Each structure stands twice: as structure tokens, then as C-alpha cells.
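Spelled out from the first residue to the last, the chains are:
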Amino acid sequence: MRSLVLGLVTLCSVSAHALTVDSIAFDDKVTVAGKELVLNGVGIRKATFLKIKVYYGALYLTAKTTNSGAFLGTNEPKQITMQFVRDVDAKDLKKTYKEAFEGANKETYKNMLPTFEAFNNNFTDIKKGERMVFTFLPDGVVLTLAGKSFPKAGDAAFSHAILNMWFINPLDEGLTKGLLGQ
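Residues numbered from 1 in each chain as written. Predicted model: local features only at pLDDT ≥ 70, side-chain atom pairs only at ≥ 80, totals over all residues. Heavy atoms only, no water.

**Student:** Help me understand a nonpolar patch on the surface, please; the structure alone is not making it clear to me.
**Tutor:** A contiguous nonpolar patch, built from Phe-49, Leu-50 and Ile-52 and spanning about 350 Å² of accessible area, is present on the exposed surface. As for its position among the elements, Leu-50 is in the loop between strand S5 (35-47) and strand S6 (52-61). (Patch = residues over 30% accessible without salt bridge, like charges linked within 9 Å, V, L, I, M, F, W, Y side chains within 5 Å. Areas by Shrake-Rupley, 256 points an atom, 1.4 Å probe, with all protein chains shown as cover. Salt bridge = Lys/Arg side-chain N within 4 Å of Asp/Glu carboxyl O. Helix = DSSP H or I, 4+ residues; strand = E, 2+ residues; numbered from the N terminus.)

Okay, structure coming up:
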């Protein structure tokens, strides 16, 4: 029992300024569009049948919740920060995000496809240790990849559609539960 408790303390330690999971630190608060967002939860994206860790994701909201319905349809700013723990090439990123986008937005996917394709073309190879940040705004979404920010894409509907990828028909339900603090 003692080793289990020590393992949990090692896995997740909290300080006044950050949450650290497996040696990866996430700020407990960020500011987006003049609003302070709080860390809602952290999850691990695992891929393939081997459950290989790809990235740790953190969800920031205006208020904590365990229910995605409380924020998916709102125009409040939101942010998802991903810390990659392995190299992922652009081809795989583009394929995975397209699959997630289509799965989460079955009704509107075809109408948003041109905007999504342009957005998806921003993805480049990502290296272990780099971060990808999706900032969801009332009038579009901003992608920051390895410190480089791209112009805002889409509109409110597109911002909601991109955010849906983690919560509606998600590719990794364990990641979703972590983001929701469950």
C-alpha cells in the first residue's frame, strides 16, 4: 500500500503554481483574451493497441467542471495545451486530427472541410518535448505549435467544432476523462 501511495504522489504533485504529471508541468492558470482560465484536468493521449503515450493534454476553462456539456457550446475562451512525449510526424498529425474532426462533427463536417483543411495544413512534425496549444476564442481558433502561433482560423462554429474533437466521439476516452478531471 505504501508503494502505491508513493507512486501516486510521484505521478501527480501539486504546487501553488503548477500541476506536474510524470515530470511535465502545467500552469494552474492561463490568461486568454483577457480572461483568467483555470486548469480543469490533465489526461494522457495513448495511441495504437499498444497504448503508446503520445502527449499529455491540459484543459483550461473559466471554471472547473467534470461535464463537457457545461462548456462545449459556450463562447467563453478555452485552451488545450499538449506536451508531446514522443516525436510525431506531420502526416500522422494531419490524419489523426482529420479523423477526430470528422468523428466529432458528423453533421457539419462537410461544410467546414475547406476551413479545416487549411487549418490542418499548419501541422508540422513535432518533436518530443514540444508543445501544441489550441486556443478557442468566440470568433475562431488559434494554433500554436512549438512556440509558433498561426493566424486565427474559422469562426465561432469552427472553434466549437475543433474543441469537439476531444469530447464528442473522442479517439481516446482516457484522455477525455483526464481533461474533465475525472
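From this point, the discussion proceeds with the structure in view.
**Student:** Explain the environment of Ala-18 here, please?
**Tutor:** Here Ala-18 is to be found in strand S2 (residues 18-21). Accessibility expressed as a relative area gives 15% for Ala-18, which makes it buried. Spatially, the C-alpha atom of Ala-18 lies 9.0 Å from that of Leu-39, the residues being 21 residues apart in sequence. (Buried < 20%, exposed > 50% of the residue type's maximum accessible area, 1.4 Å probe, protein only.)

**Student:** Help me understand the packing of aromatic side chains in this model?
**Tutor:** The description of two aromatic rings rests on the distance between their centres and on the angle between their planes. Inspection of the entire model under this criterion finds 15 aromatic pairs. Look at Phe-119 and Phe-158: their rings are 5.7 Å apart centre to centre, the planes differ by 80°, and that puts the pair in the edge-to-face class. Taken together, the positions of Phe-119 in helix H3 (residues 109-120) and Phe-158 in helix H4 (residues 156-164) put the pair 39 residues apart, joining distant regions of the chain. Taking the relative accessible area as the measure of exposure, Phe-119 reaches 2% and is therefore buried. In this structure Phe-158 comes out as buried when scored by relative accessible area, which is 1%. Measuring from centroid to centroid gives 6.3 Å for Phe-134 and Phe-136, while their planes differ by 10°, and the two rings are stacked. Classification of Phe-134 as buried rests on a relative accessible area of 0%. Joined through ring pairs, the aromatic side chains of Tyr-97, Phe-101, Tyr-109, Phe-116, Phe-119, Phe-123, Phe-134, Phe-136, Phe-158 and Trp-166 make up one cluster. (Phe/Tyr/Trp six-rings, centres within 6.5 Å; stacked < 30°, edge-to-face > 60°.)

**Student:** Which parts of the structure should I look at to understand helix H2 (residues 90-104)?
**Tutor:** Residues that lie three or four places apart on an α-helix share one face, since the helix turns once every 3.6 residues. Counted at 1.5 Å a residue, the expected span for H2 with its 15 residues is 21 Å, and the 21 Å between its end C-alpha atoms agrees. Tucked into the core, H2 has its buried residues touching S6, strand S7 (78-84), H3, strand S8 (131-137) and H4. N-capping of H2 is provided by Asp-89, with a side-chain oxygen placed 3.2 Å from the backbone N of Lys-91. (Expected span 1.5 Å × (residues − 1). Contact = heavy atoms within 4.5 Å. Polar contact = N/O pair within 3.5 Å; in protein donor to acceptor, adjacent residues only side chain to side chain.)

**Student:** Hey, could you run me through the pairing of S7 in this one?
**Tutor:** For a regular strand, the rule is simple: side chains alternate between the two faces of the sheet. Counting buried positions over the seven residues of S7 gives seven, a clear majority of the element. Side-chain alternation along S7 places Lys-78, Ile-80, Met-82 and Phe-84 on one buried face and Gln-79, Thr-81 and Gln-83 on a second face that is also buried. In this sheet, S7 lies alongside S6 in antiparallel orientation, the contact comprising six bridges. Each bridged residue has a counterpart across the sheet, and for Tyr-56 the counterpart in S7 is Gln-83. Sheet analysis places S7 next to S8, joined by six bridges and oriented antiparallel. Each residue of the ladder has a partner; that of Ile-80, found in S8, is Phe-134. (Pairing = 2+ DSSP bridges.)

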